[in-house]
Amino acid sequence: MIPGHAGRTGLALSAHDITLSYDGFQVLRGVTLHIEPGRITGIVGPNGAGKSSLFNVLAGSTAPDAGTVRLGERDITRLPMHRRARAGIARTFQLARELDSLTVLENLLLAAPNNPGESLWHIFTDRGAIRAAEGAALEHALTLLQRTRLLRLADAPAGSLSGGQKKLLELCRALMLEAPIILLDEPAAGVNPALMEELAAFISELRGEGRTFAIVEHNMDLIAALCDTIYVLADGAVLTEGAFAKVTADRRVQDAYLGVTL
Ligand SMILES: Nc1ncnc2c1ncn2[C@@H]1O[C@H](COP(=O)(O)OP(=O)(O)OP(=O)(O)O)[C@@H](O)[C@H]1O
Ligand SMILES: [Mg+2]
């Protein structure tokens, strides 16, 4: 059971017949997908396929033109992002969104629910507030840093981290929310192979603890190693779904990656 979300850990997050356009250009065309509780769902596809846009719809930062998003049986299509986060859905961004001038630890404490500063301004002007952070949040942050081997960098400015370390920090920030469902947009991008293995082991461990993940990723080794089921998106539609061996053997998937018209 995940602290803070007792009883909510077993819910599936699903999208039903989602359509989305930007300036008349259809980015998502009738996408249906199920992120099953306690499992890792992969979302792959060529650049521009609509993967990040789908995450935006699932996390609530973009409203779809049509279709529904559900958390369990509950229709959350119109629920704003901050309320979805409170309902247990956390996400990371393709480009890490750490605050460069704050330390690694401060970035994590800021991500905690009810962080001591409440406002960013408070954090900047009263660093004592950080020291007064609730023990639980501080302990949680330090545990996450230890598990991702970032502990020795706790007091370093986040802007000084490597690309891979920033990805780990981004993951830790999502985990500070203690959300049962975590959407990761390209967690391995820019991560060196050794760090990537640690990242995979960490995500796998978290699944073992009952967390649910959806992962958008171009790194097929990571997808193969982690995902229980994989959706392939191409041109804003689901091309196929299933186990790694099945989807990668699909000729239409191979064609989509080569840019061949289907
Ligand atoms: N805010 C926006 N305004 C206009 N067009 C957008 C916007 N966001 C995304 N798009 C367009 O929607 C399409 C899908 O973009 P999206 O970022 O979802 O793709 P992706 O599958 O995540 O690609 P990548 O693998 O390169 O990250 C692209 O053609 C993109 O240019
Ligand atoms: Mg993307």
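Definitions and limits used
Residues numbered from 1 in each chain as written. Chains lettered and ligands numbered in written order. Predicted model: local features only at pLDDT ≥ 70, side-chain atom pairs only at ≥ 80, totals over all residues. Heavy atoms only, no water. Helix = DSSP H or I, 4+ residues; strand = E, 2+ residues; numbered from the N terminus. Buried < 20%, exposed > 50% of the residue type's maximum accessible area, 1.4 Å probe, protein only. Contact = heavy atoms within 4.5 Å. Areas by Shrake-Rupley, 256 points an atom, 1.4 Å probe, with all protein chains shown as cover. Near = heavy atom within 4 Å. Polar contact = N/O pair within 3.5 Å; in protein donor to acceptor, adjacent residues only side chain to side chain. Nonpolar A, V, L, I, M, F, W, Y, C, P; charged D, E, K, R; others polar. Phe/Tyr/Trp six-rings, centres within 6.5 Å; stacked < 30°, edge-to-face > 60°. Lys NZ or Arg CZ within 6 Å of the ring centre and 35° of its normal. Axes fitted to C-alpha atoms, helices over the stretch in contact; angles between N-to-C directions. Left-handed = near helix turned anticlockwise from the far one by under 90°. Salt bridge = Lys/Arg side-chain N within 4 Å of Asp/Glu carboxyl O. Pairing = 2+ DSSP bridges. Donors = N, O, S within 2.8 Å, 3.2 Å for Na, K, Ca; no water. Expected span 1.5 Å × (residues − 1). Arc of directions from axis to C-beta.

Draft legend 1. Main features of the overall build of the chain. Regarding its fold elements, the chain presents 11 helices and 10 strands. Out of the 262 residues in the chain, the part that is buried amounts to 52%. In the chain, the proportion of contacts linking residues at least 24 apart, taken out of those at least 6 apart, comes to 66%. Approximately 12000 Å² of the chain is accessible, and the part contributed by carbon and sulfur atoms is 52%.

Draft legend 2. Layout of the site of ligand 1. The immediate surroundings of ligand 1 are formed by 14 residues, with Gly48, Lys51, Ser53, Gln94 and His218 found nearest. One of the backbone N or O atoms of Ala49 is found 3.2 Å from an oxygen atom in ligand 1. Protein contact buries 63% of the 640 Å² of open area that ligand 1 shows by itself. Every element with two or more residues in the shell around ligand 1 is listed here: strand 2 (25-35) and helix 1 (51-59). Per-element tally for the shell around ligand 1: the top contributor is helix 1, with three residues. The residue inventory of the shell around ligand 1, partitioned by class, reads five nonpolar, seven polar and two charged.

Draft legend 3. Up close: the packing of aromatic side chains. By the definition in use, this model includes zero aromatic pairs. The lysine or arginine in question, Arg91, covers the ring of Phe93, its NZ or CZ lying 4.1 Å from the ring centre.

Draft legend 4. Layout of the packing of helix 6 (residues 135-147) against helix 7 (residues 163-176). At a closest axis distance of 10 Å, the pairing of helix 6 and helix 7 adopts a crossing angle of 145 degrees. Where helix 6 crosses over helix 7, the two elements pack in a sense that is right-handed. In this structure, helix 6 uses Ala137, His140, Ala141 and Leu144 to contact helix 7, whose residues at the interface are Cys172, Leu175 and Met176.

Draft legend 5. Expanded view of the pattern of salt bridges. One pass over the structure, following the stated rule, counts six salt bridges. For Asp250, the salt bridge identified is with Arg252, shortest N-O distance 2.9 Å. For Arg252, a relative accessible area of 39% gives the class partly exposed. The residue Arg251 makes a salt bridge to Asp255 at a minimum N-O spacing of 3.2 Å. Linking Arg251 with Asp255, this pair stays in helix 11 (residues 251-258), spanning four residues, or about one helical turn.

Draft legend 6. Highlighting the sheet that holds strand 4 (residues 66-71). A sheet is described by the order of its strands in space; here four strands give the open sequence 2-1-4-5, paired in antiparallel fashion. If you trace the sheet from one side to the other, it starts and ends with strand 2 and strand 5 (74-75), each paired once. Two strands pair when backbone bridges link them, and strand 1 (residues 13-22) and strand 4 are joined in this way by five bridges, in the antiparallel orientation. Among the inter-strand pairings, Thr19 is bridged to a residue of strand 4, identified as Ala66. Sitting on the sheet, helix 1 is in contact with strand 1, strand 2 and strand 4, with an inclination near 60 degrees to strand 2.

Draft legend 7. Highlighting the sheet that holds strand 6 (residues 89-91). Read across the open sheet, the six strands follow the order 6-7-8-3-9-10; overall the sheet is mixed. With partners counted over all chains shown, the strands left at the sheet margins are strand 6 and strand 10 (237-242), one partner each. Each neighbouring strand pair of the sheet contributes to a mean axis angle of 20 degrees, computed without reference to strand direction. The pairing of strand 3 (residues 40-44) with strand 8 (residues 212-216) spans four bridges and is parallel. Its bridge partner lying in strand 8, Ile40 is registered against Phe213. Packed onto the sheet, helix 1 meets strand 3, strand 6, strand 7 (181-185), strand 8 and strand 9 (229-234) and runs at close to 155 degrees relative to strand 7. Of the strands in this sheet, strand 6 and strand 7 touch helix 7, which is tilted by about 160 degrees from strand 7.

Draft legend 8. Representation of the coordination of the magnesium ion (ligand 2) within the structure. Bound to the magnesium ion (ligand 2) are the protein donor atoms Ser52 (OG) and Gln94 (OE1), situated 2.1 to 2.3 Å from the metal. Here Ser52 is found in helix 1, whereas its partner Gln94 is found in the loop between strand 6 and helix 3 (104-111), with 42 residues between them in sequence. Note on Gln94: relative accessible area 36%, which makes it partly exposed.

Draft legend 9. Region of the structure containing helix 6. Its 13 residues place the ends of helix 6 18 Å apart at the C-alpha level, agreeing with the 18 Å of an ideal helix rising 1.5 Å per residue. Looking at helix 6, one finds that the buried residues are Ala137, His140, Ala141, Leu144 and Leu145. For helix 6, the angular spread of buried residues about the axis comes to 135 degrees, placing them on one side. Structural note: helix 6 exposes Ala136, Glu139 and Gln146 on the side pointing more than 90 degrees away from its buried face. In this structure, the buried side of helix 6 is in contact with helix 3, helix 7 and helix 8 (193-208). Residue Arg149 follows helix 6 closely and has a positive phi angle near 60 degrees.

Interpretation note: all reported values are geometric properties and have no functional meaning in isolation.
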